[in-house]
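One letter stands for each residue in the lines below.
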Amino acid sequence: MKFQVGDKVVIQHSSDEGEVVEIINDKMVLVDVRGVKFPAYTDQLDFPYFKRFTEKKLFPEDKKPSKKYVDQVPREKPTPGQKKERIARLDNGVWLTFLPVFDSDEFGDDVVESLKIHLVNNTTLGYQFSYHLNYFGKSEFDLDNQVPSFQDFYLHDIPFANLNDNPVFECEFSLLTPDKGRASHYEASLKLRAKQVFSRIEEIKKKGEATFSFKLFDDYPFKEVEEDPVVDTRNLLAGSGFRIYEASRARHHLEPARQEIDLHIEKLTEKWSSLDNFEILTLQLQTFEKYFDLALAHHLTSMIVIHGVGSGKLRDEIHEILRSKKRVKSFVNRYDPRYGYGATEIFFQY
């Protein structure tokens, strides 16, 4: 049957609109038109939208809109400053972004099988990068490539279960377009724990988001300006008793450098028990800076800084300092039988 009870219909010979109120047989129905009911053959009826489609036109012939194609539509002109505002809104640093890949277990519950990892560059600079994934200090995956400004780069997948192996994600960056005012390289790292990732996944599920991210850095650093000390030579010339050494032999008169420096506070002062946490950290960093400068002055090729494990605050502060030093070729905090993960080895370049 073409029509059913309740259908709106049009009587073809009169163009009146009505409603089917009863099915009489395969060929006839009872139609109600403005309160008047009468039988009608189904071949004399039609649906009203056929009538509207054929008789009513959306636009009169003389007012039809001219056809335009996408490439003919003029582009919207940005208002002054709009481009800068958009860049400022997007320019929020360099990130590692993780996309959880879900699967169903035997009970039908969603579980995370793996994580897809992307390097996301939301800055106005393009970078050459060297990426490393380490488990317990052992290299698992390495990749060298480029990521242009405001683009992202797919790195690889890792099984979700591998988060139990204390993964460390390390990246070293340099500029695609060299800038004399910027640092020659910059290093950033991220340590993840399974509990930390579980928490982030629960957050994005509640928010209906697909990914979670960790920031590696905000801005690529400027080159550190090293000021030469100003020496008043008037007293030297006046013969006031200063001893003058040849520049080439100056390092022979410095305090000896150390290949290894232990920054545990009890090694630095006997009064450590009376110091608060801030005073302890300050003394440790001052000692580190002192022996770092001596290592450079004596042209050591490397040195080891023992910072311990603890909360990781001292290690992180030292690593942040090293990233800004142009004489540092590289540094690594890997497992060593003598120190565990409590020491960082620094390699210099001259």
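Residues numbered from 1 in each chain as written. Predicted model: local features only at pLDDT ≥ 70, side-chain atom pairs only at ≥ 80, totals over all residues. Heavy atoms only, no water.

Visitor: How should I be thinking about the sheet that holds strand 1 (residues 8-11) in this particular structure?
Guide: Strands pair in a sheet through their backbones, by hydrogen bonds, and they do so in one of two ways: parallel or antiparallel. The strand order across the open sheet built from 5 strands is 4-3-2-1-5, with neighbouring strands paired in antiparallel fashion. Only two strands of the sheet have a single neighbouring strand rather than two, namely strand 4 (36-41) and strand 5 (45-46). Across 6 bridges, the pairing between strand 3 (residues 28-33) and strand 4 is antiparallel. Bridge assignment links Asp32 to a residue of strand 4, and that residue is Lys37. (Pairing = 2+ DSSP bridges. Helix = DSSP H or I, 4+ residues; strand = E, 2+ residues; numbered from the N terminus.)

Visitor: How should the packing of aromatic side chains be read in this particular structure?
Guide: For any pair of aromatic rings, the description consists of the separation of the ring centres together with the inter-plane angle of the planes. Counted under the stated rule, the structure contains 17 aromatic pairs. Judged by centre distance (5.8 Å) and plane angle (45 degrees), the ring pair of Phe288 and Phe292 falls under tilted. Of the two residues, Phe288 and Phe292 are both situated in helix 6 (residues 277-297); the distance of 4 residues between them amounts to about one turn of the helix. The pair Phe288 / Phe292 is uniform in exposure class, with both members buried. An aromatic cluster is defined as three or more aromatic residues linked by ring pairs; in this entry it consists of Tyr127, Phe173, Tyr186, Phe217 and Tyr220. (Phe/Tyr/Trp six-rings, centres within 6.5 Å; stacked < 30°, edge-to-face > 60°. Buried < 20%, exposed > 50% of the residue type's maximum accessible area, 1.4 Å probe, protein only.)

Visitor: Honestly, unusual backbone geometry in this entry has me stumped. Any pointers?
Guide: Trans is the common state for peptide bonds, and a negative phi is the common state for residues other than glycine. In this model, Phe150 sits at a positive phi of 55 degrees, which is unusual for a non-glycine residue. On the basis of relative accessibility, which here comes to 30%, the residue Phe150 falls in the partly exposed class. Unusually for a residue other than glycine, Asn166 sits at a positive phi of about 50 degrees. Its place among the elements puts Asn166 in the loop between strand 10 (151-159) and strand 11 (167-175).

Visitor: Got a minute to help me understand the layout of surface pockets in this structure?
Guide: It is a probe the size of a water molecule, rolled over the atoms, that shows where empty space is left. By volume, the largest pocket amounts to about 920 Å³. Along the walls of the largest pocket sit 34 residues, with Asn134, Val168, Glu170, Ser189 and Asn333 positioned nearest its centre. (1 Å grid on protein atoms, 1.4 Å probe; cavity = no way out; pocket = protein on both sides within 12 Å on 5 of 7 lines; lining within 4 Å. Points joined across faces, edges and corners; volume = space filled by probe spheres on them.)

Visitor: I'm lost on the sheet that holds strand 9 (residues 138-147) in this one. Help?
Guide: Taken in spatial order, the 4 strands line up as 9-8-11-12 in an open sheet, and their pairing is antiparallel. The open sheet has two edge strands with one neighbour each: strand 9 and strand 12 (186-191). Sheet twist, expressed as the average angle between the axes of neighbouring strands with direction ignored, equals 15 degrees. Examined bridge by bridge, strand 8 (residues 127-135) and strand 11 share 9 bridges and lie antiparallel to one another. Residue pairing across strands places Tyr135 opposite Pro167, the latter belonging to strand 11. (Axes fitted to C-alpha atoms, helices over the stretch in contact; angles between N-to-C directions.)

Visitor: Sorry if this is basic, but what is going on with the environment of Glu170 here?
Guide: Mapped onto the elements of the fold, Glu170 is located in strand 11. The class for Glu170 is partly exposed, based on a relative accessible area of 27%. Excluding residues within four positions of it along the chain, Glu170 makes contact with Ser130, Tyr131, His132, Asn134, Ala188 and Ser189. Of the polar contacts made by the side chain of Glu170, one reaches the side chain of Asn134; its length is 3.3 Å. (Contact = heavy atoms within 4.5 Å. Polar contact = N/O pair within 3.5 Å; in protein donor to acceptor, adjacent residues only side chain to side chain.)

Visitor: It is not clear to me how helix 3 (residues 194-207) should be interpreted in this structure. Could you clarify?
Guide: Residues lying three or four places apart along an α-helix face the same way, a consequence of the helix completing one turn every 3.6 residues. Here helix 3 contains 14 residues, and its C-alpha end-to-end distance of 20 Å stays within 8% of the 20 Å for a straight helix at 1.5 Å per residue. Listed as buried for helix 3 are Ala194, Val197, Ile201 and Ile204. Each buried residue of helix 3 lies within a common arc of 90 degrees when the element is viewed along its axis, so the set occupies one face. The exposed residues of helix 3 that point more than 90 degrees off its buried face are Lys195, Lys206 and Lys207. Structurally, helix 3 contributes buried residues whose contacts are with strand 6 (93-104), strand 7 (110-122) and strand 13 (212-217). Phi turns positive, to about 75 degrees, at Gly208, one or two residues after helix 3. (Expected span 1.5 Å × (residues − 1). Arc of directions from axis to C-beta.)

Visitor: Would you mind showing me how to read the side chain of Asn333 here?
Guide: Tracing the chain through its elements places Asn333 in the loop between strand 16 (328-332) and strand 17 (343-348). The exposure class of Asn333 is buried, given its relative accessible area of 16%. At a separation of 2.9 Å, a polar atom in the side chain of Asn333 contacts the main-chain carbonyl oxygen of Tyr341. At a separation of 2.8 Å, a polar atom in the side chain of Asn333 contacts the main-chain carbonyl oxygen of Ala343. Residues contacting Asn333, with those up to four places away along its chain left out, are Lys191, His307, Arg315, His319, Tyr341, Ala343 and Thr344.

Visitor: Sorry if this is basic, but what is going on with a negative patch on the surface here?
Guide: A surface patch of like charges, here negative, comprises Asp103, Asp109, Asp110 and Glu113. Residue class for Asp109 comes out partly exposed when judged on its relative accessible area of 44%. (Patch = residues over 30% accessible without salt bridge, like charges linked within 9 Å, V, L, I, M, F, W, Y side chains within 5 Å. Areas by Shrake-Rupley, 256 points an atom, 1.4 Å probe, with all protein chains shown as cover. Salt bridge = Lys/Arg side-chain N within 4 Å of Asp/Glu carboxyl O. Lys, Arg positive; Asp, Glu negative; His and termini not counted. Charge placed at Lys NZ, Arg CZ, Asp CG, Glu CD.)

Visitor: For this particular structure, what's the right way to read a positive patch on the surface?
Guide: Among the surface-exposed residues, Lys180, Lys223, Lys326 and Arg327 lie close enough to one another that they form a single positively charged patch. Residue placement: Lys223 occurs in the loop between strand 13 and helix 4 (234-237). The partly exposed category is assigned to Lys223, whose relative accessible area is 41%.

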